[in-house]
Amino acid sequence: WDPHAVSAAFNLSKAYDFYRTSFGRNSFDAQGGTIRALIGIEDPKVNAFWSGQLGIFGFGRADRYAAAADVVGHEFTHAVVEK
């Protein structure tokens, strides 16, 4: 029940809902793909990015990145564009 993980899950669900409602897209790959995130990478250089498989929100900054709907939506959009 890490609050940063809860924030990431909530904001990823909002990004999913946006793409579903606005474009009829079922997840980032339009095929119902599982949306995953990794919170708290122990590297001070890591902020937030899409790895090609999951959203990553860095250590010490997860409170800013995972809790920010615009950042999470931005990373989710990278996944959409990739697929």
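Since this is a predicted model, take the numbers as computed values, not measurements.

I'm lost on helix α1 (residues 3–23) in this one. Help?
Because each turn of an α-helix spans 3.6 residues, side chains separated by three or four positions in sequence point in the same direction. Here α1 is 21 residues long and its end C-alpha atoms lie 30 Å apart, about the 30 Å a rise of 1.5 Å per residue gives. Taken together, the buried positions of α1 are A8, N11, L12, A15 and Y19. Looking straight down α1, one finds its buried side chains confined to an arc of 105°; they lie on one side. Residues of α1 that are exposed and angled more than 90 degrees away from the buried face: P3 and T21. In this structure, the buried residues of α1 make contact with β1 (37–41), β3 (55–58) and α3 (69–82). Between a side-chain oxygen at the N-terminus of α1 and the backbone nitrogen of H4 the separation is 2.6 Å; the capping residue is D2. Looking one or two residues beyond α1, the residue adopting positive phi is G24, at roughly 70°.

Honestly, the pairing of β3 in this entry has me stumped. Any pointers?
Side chains on a regular strand alternate between the two faces of the sheet. Residue alternation in β3 divides its side chains into two sets, G55 and F57 and I56 and G58, and both sets are buried. Bridging between β1 and β3 involves 4 bridges; their strand directions are parallel. Looking across to β3, one finds that I39 is bridged to F57. Strand direction decides the pairing type here: strand β2 (residues 48–50) and β3, joined by 3 bridges, are antiparallel. Among the inter-strand pairings, A48 is bridged to a residue of β3, identified as F57. Hairpin connection of β2 to β3: 4 residues between the antiparallel strands, including G52 at a positive phi of 105°.

The rules behind each value
- Residues numbered from 1 in each chain as written.
- Predicted model: local features only at pLDDT ≥ 70, side-chain atom pairs only at ≥ 80, totals over all residues.
- Heavy atoms only, no water.
- Helix = DSSP H or I, 4+ residues; strand = E, 2+ residues; numbered from the N terminus.
- Expected span 1.5 Å × (residues − 1).
- Buried < 20%, exposed > 50% of the residue type's maximum accessible area, 1.4 Å probe, protein only.
- Arc of directions from axis to C-beta.
- Contact = heavy atoms within 4.5 Å.
- Polar contact = N/O pair within 3.5 Å; in protein donor to acceptor, adjacent residues only side chain to side chain.
- Pairing = 2+ DSSP bridges.

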